[in-house]
Amino acid sequence: MTLLRVESLQKSFGSLNVTRDVTLDVGAGEKHVIIGPNGAGKTSLINQIGGQMTPDGGRVMIDGSDVTRLAPEQRARLGLARTFQKNTLFQRLSVFENVRLGVQARFGNSFDLAQRAAARTDVNARARDVLDLLRLTALAERRVASISYGDQRQLEIAVALAGDPRILLLDEPTSGLSPVETRQLIEIIRALPSHLGILMIEHDMEVVFSLADRITVLYYGEVLASDKPDVVAANERVRDVYLGASF
Ligand SMILES: Nc1ncnc2c1ncn2[C@@H]1O[C@H](COP(=O)(O)OP(=O)(O)OP(=O)(O)O)[C@@H](O)[C@H]1O
């Protein structure tokens, strides 16, 4: 089942075409990885899907609904969540409080006043479950500023997952991580709920090929290939312009 579909997306900054007729989709349970050289337009694409950037043409569909003109919060209500390249955590709050805010951002206002006490229990329970999923339970009471950079990157994913999304966009989740932290994150991403559709940007080829069900290669804003990992790895143009001789 297709959860996310991008159709003929176009975006230019003056004469620079950062997104050129990009079409791709992400199904339930699929891990779809976007690769491409620096400046290929990967983050611009994710920003248009997340609603942080408005495309000039084409459509973004979530579960069949056209969300191209919707604000990020409205897309979040339809089940889309994302992380950013830069850290967006509240450094002075605890790990637990950050995740709880993530739960409240999605569900907080919809709880009935008379159900406040029960709702608080639900929010806390949900936050605890998400911390568990991301293996952060032992750090729950620590202030974010006091935990490692690698744990903060995991926490960003926890916050994104707090609202129980159906589609998760990850912008270079392993950037800046050590090899050990990277391997741990691969395991965590593998163990995320099986119904979740994931679209992620990644540079580390070990991560790409150990996680991806499908790979889309962007080159100067255009889709060069979009297929299963072995097919993409064997694609001559992809090897010429990006992967090189080692793959
Ligand atoms: N708001 C903007 N205004 C003008 N140019 C922009 C803007 N955002 C991005 N660009 C340009 O669009 C091109 C694509 O940038 P983008 O960040 O999407 O690429 P990327 O593939 O994510 O790169 P990287 O791998 O380095 O993160 C770059 O040349 C960038 O300078």
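All values reported here derive from a predicted model rather than from experimental measurement. (Residues numbered from 1 in each chain as written. Predicted model: local features only at pLDDT ≥ 70, side-chain atom pairs only at ≥ 80, totals over all residues.)

(A) Structural context of the overall build of the protein chain. When helices and strands are counted, the protein chain shows 9 helices and 10 strands. Reported as C-alpha extents along the three principal axes, the dimensions of the protein chain are approximately 60 × 40 × 35 Å. Residue pairs at least 24 apart in sequence account for 68% of intrachain contacts in the protein chain once pairs closer than 6 positions are excluded. (Helix = DSSP H or I, 4+ residues; strand = E, 2+ residues; numbered from the N terminus. Contact = placed C-beta atoms within 7 Å.)

(B) Geometry of the sheet that holds strand 10 (residues 222-227). Here 6 strands make up an open sheet; going across it, the order is 6-7-8-3-9-10 and the pairing mixed. Every interior strand has two partners, whereas the edge strands, strand 6 (80-82) and strand 10, have only one. Going from strand to strand, the sheet's axes swing by 15° on average, the running direction of each strand aside. As defined by bridge partners, strand 3 (residues 31-35) adjoins strand 8 (residues 197-201) across 4 bridges and the pair is classed as parallel. Its bridge partner being in strand 8, lysine 31 is matched across the sheet by isoleucine 198. Strands strand 3, strand 6, strand 7 (167-171), strand 8 and strand 9 (214-219) of the sheet are contacted by helix 1 (residues 42-50), whose axis makes an angle of about 150° with strand 7. (Pairing = 2+ DSSP bridges. Axes fitted to C-alpha atoms, helices over the stretch in contact; angles between N-to-C directions.)

(C) Local environment of the site of the ligand. Every residue near the ligand is listed here: Phe13, Leu16, Val18, Gly36, Asn38, Gly39, Ala40, Gly41, Lys42, Thr43 and Ser44. Those elements that place two or more of their residues in the shell around the ligand are strand 2 (16-27) and helix 1. Top element by residues in the shell around the ligand is helix 1. It accounts for 3 residues. (Near = placed C-beta within 6 Å.)

(D) Expanded view of the packing of helix 3 (residues 95-107) against helix 5 (residues 149-162). Across the interface, helix 3 lies against helix 5 with an axial gap of 7 Å and an inter-helix angle of 30°. With respect to helix 5, the element helix 3 is oriented roughly parallel. In the crossing of helix 3 with helix 5, the sense of the turn from one axis to the other is right-handed. On helix 5, the residues that touch Val95, Asn98, Val99, Gly102, Val103 and Arg106 of helix 3 are Leu155, Ala158, Val159 and Ala162. For the contact of helix 3 with helix 5, the residue count by class is 7 nonpolar, 2 polar and 1 charged. (Parallel < 35°, antiparallel > 145°, perpendicular 65-115°, else oblique. Left-handed = near helix turned anticlockwise from the far one by under 90°. Nonpolar A, V, L, I, M, F, W, Y, C, P; charged D, E, K, R; others polar.)

(E) How the structure looks around the sheet that holds strand 2. The strand order 2-1-4-5 describes an open sheet built from 4 strands, whose pairing is antiparallel. Every interior strand has two partners, whereas the edge strands, strand 2 and strand 5 (65-66), have only one. Examined bridge by bridge, strand 1 (residues 2-13) and strand 4 (residues 57-62) share 5 bridges and lie antiparallel to one another. Looking at strand 4, one finds that leucine 4 is bridged to isoleucine 62. With respect to the sheet, helix 1 is in contact with strand 1, strand 2 and strand 4, its orientation differing from that of strand 2 by roughly 60°.

(F) Geometry of the environment of arginine 143. As for its position among the elements, arginine 143 is in the loop between helix 4 (116-133) and helix 5. The class for arginine 143 is partly exposed, based on 15 C-beta atoms found within 10 Å. Sequence separation of arginine 143 and glutamine 154 is 11 residues, and the distance between their C-alpha atoms is 14 Å. (Buried ≥ 20, exposed ≤ 12 C-beta atoms within 10 Å, placed from the backbone.)

(G) Quick peek at the nonpolar core. Judged by nonpolar contacts, the single largest core of 58 residues is most densely connected at Val99, Leu131, Ala158 and Leu168. With 7 residues, helix 5 is the single largest residue contributor to this core. Setting aside chain neighbours within four positions, we find leucine 168 in contact with Ala81, Ala160, Leu161, Leu196 and Ile198. (Core = buried A, V, L, I, M, F, W, Y, C linked by C-beta atoms within 7 Å.)

(H) The arrangement of the confidence of the model for the protein chain in detail. Residues of the protein chain with pLDDT of at least 70 account for 93%, and the chain-wide mean is 91. For this predicted complex, the interface score ipTM comes out at 0.94, alongside a pTM of 0.91. (pLDDT = per-residue confidence, 0-100.)

(I) Up close: the domain arrangement of the protein chain. As assigned here, the protein chain comprises domain 1 (1-79 + 166-247) and domain 2 (88-164). With centres defined by C-alpha atoms, the gap from domain 1 to domain 2 works out at 25 Å. Residue-level contacts link 10 residues of domain 1 with 11 residues of domain 2. When residues of the side of domain 1 that touches domain 2 are traced back to their parent elements, those giving at least two are strand 7 and helix 6 (179-190). Residue contributions to the side of domain 1 that touches domain 2 peak at 3 residues, all from helix 6. Partitioning the side of domain 1 that touches domain 2 into residue classes produces 7 nonpolar, 2 polar and 1 charged. (Domains from an automatic or database assignment.)

(J) Region of the structure containing the environment of valine 241. Within the secondary structure, valine 241 is located in helix 9 (residues 236-243). According to the C-beta neighbour criterion, valine 241 is partly exposed, with 16 such atoms within 10 Å. Between the C-alpha atom of valine 241 and that of arginine 135, which follows or precedes it by 106 residues, the distance is 38 Å. For valine 241, the contacting residues outside a window of four places in its chain are Tyr219 and Leu224.

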